[in-house]
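Each chain, written out:
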Amino acid sequence: MANLFLVGLVLGPIIVHQFGGLPIPDAPEGSITLAIVAGLLVGFGIKVGSGCTSGHGICGMARLSKCSIIATYTFMAAGFVTVFIVRHVMGA
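About the criteria used
Residues numbered from 1 in each chain as written. Predicted model: local features only at pLDDT ≥ 70, side-chain atom pairs only at ≥ 80, totals over all residues. Heavy atoms only, no water. Helix = DSSP H or I, 4+ residues; strand = E, 2+ residues; numbered from the N terminus. Rg over C-alpha atoms; globule rule 2.2 N^0.38 Å. Axes fitted to C-alpha atoms, helices over the stretch in contact; angles between N-to-C directions. Parallel < 35°, antiparallel > 145°, perpendicular 65-115°, else oblique. Left-handed = near helix turned anticlockwise from the far one by under 90°. Contact = heavy atoms within 4.5 Å. Nonpolar A, V, L, I, M, F, W, Y, C, P; charged D, E, K, R; others polar. Patch = residues over 30% accessible without salt bridge, like charges linked within 9 Å, V, L, I, M, F, W, Y side chains within 5 Å. Areas by Shrake-Rupley, 256 points an atom, 1.4 Å probe, with all protein chains shown as cover. Salt bridge = Lys/Arg side-chain N within 4 Å of Asp/Glu carboxyl O. Disulfide = S-S within 2.5 Å. Buried < 20%, exposed > 50% of the residue type's maximum accessible area, 1.4 Å probe, protein only.

Visitor: Just checking my understanding: could you explain the overall build of the chain for this structure?
Guide: When helices and strands are tallied, the chain shows 4 helices and 0 strands. Put simply, the chain runs from its N terminus to its C terminus through helices and strands in the order α-α-α-α. For the chain, whose C-alpha radius of gyration is 18 Å, the value lies well above the compact-globule estimate of 12 Å for 92 residues. Expressed along its principal axes, the backbone C-alpha trace of the chain runs to roughly 45 × 40 × 25 Å.

What follows is the structure in C-alpha cells.
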C-alpha cells in the first residue's frame, strides 16, 4: 500500500500537468539534510505520541479521548511557538 502512495506522489503532478495544462512547479529550495532531520523528528514524534497528528486531531478528539485532546493541544502549541520563533526571533 505504501508503494502505491509513493507512485501517486510522483504520478499525480504529472497527470495534472498533462490533463489540466497546469505547470509543474519547481522544487523548493532547501537543505536535503534538514529535510531528512525533519522527517526523522516527525517519525520520532509519531512513536512518542502514540499516533499521528491527524489521528489524534480528527479521530481521537471526535471520540473525546483525553489523551488525544492533550496531544492535539500540545502539538498545536509547539507549532505556534516554532512559527513565532522562526518568524519573529530568527527573522526568517
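Visitor: Could you clarify how one ought to interpret the packing of helix 3 (residues 53-62) against helix 4 (residues 66-89) in this entry?
Guide: When two helices pack together, their arrangement is given by the angle between the helix axes and by the axis-to-axis distance. As a packed pair, helix 3 and helix 4 sit with axes 9 Å apart at the nearest point and diverge in direction by 135°. Relative to helix 4, the element helix 3 lies oblique. Taken as a pair, helix 3 and helix 4 cross one another with a handedness that is left-handed. Here Thr53, His56, Gly57, Gly60 and Met61 of helix 3 come into contact with helix 4, specifically with Ser68, Ile69, Ala71, Thr72 and Phe75. Taken together, the residues that form the contact of helix 3 with helix 4 break down as 4 nonpolar, 6 polar and no charged.

Visitor: Where do I start with a nonpolar patch on the surface in this structure?
Guide: Taken together, the side chains of Phe5, Leu6, Val7, Leu9, Val10, Leu11, Ile14, Ile15, Phe19 and Ile24 define a hydrophobic patch exposed on the protein surface, amounting to about 1000 Å² of accessible area. Among the secondary structure elements, Leu6 is positioned in helix 1 (residues 2-20).

Visitor: Would you mind showing me how to read the state of the cysteines here?
Guide: Here, the word disulfide means a covalent bond between the sulfur atoms of two cysteines. In this structure the tally under the stated criterion is 0 disulfides. Between Cys67, a cysteine without a disulfide, and Cys59, which holds the nearest cysteine sulfur, the sulfur-to-sulfur distance is 15 Å.

Visitor: Please explain unusual backbone geometry as it appears in this structure.
Guide: In terms of backbone geometry, most residues other than glycine have negative phi values and most peptide bonds are trans. A positive phi is found at Leu64, a non-glycine position, where the angle reads about 60°. Assignment of secondary structure puts Leu64 in the loop between helix 3 and helix 4. Overall, the relative accessible area of 67% leaves Leu64 in the exposed class.

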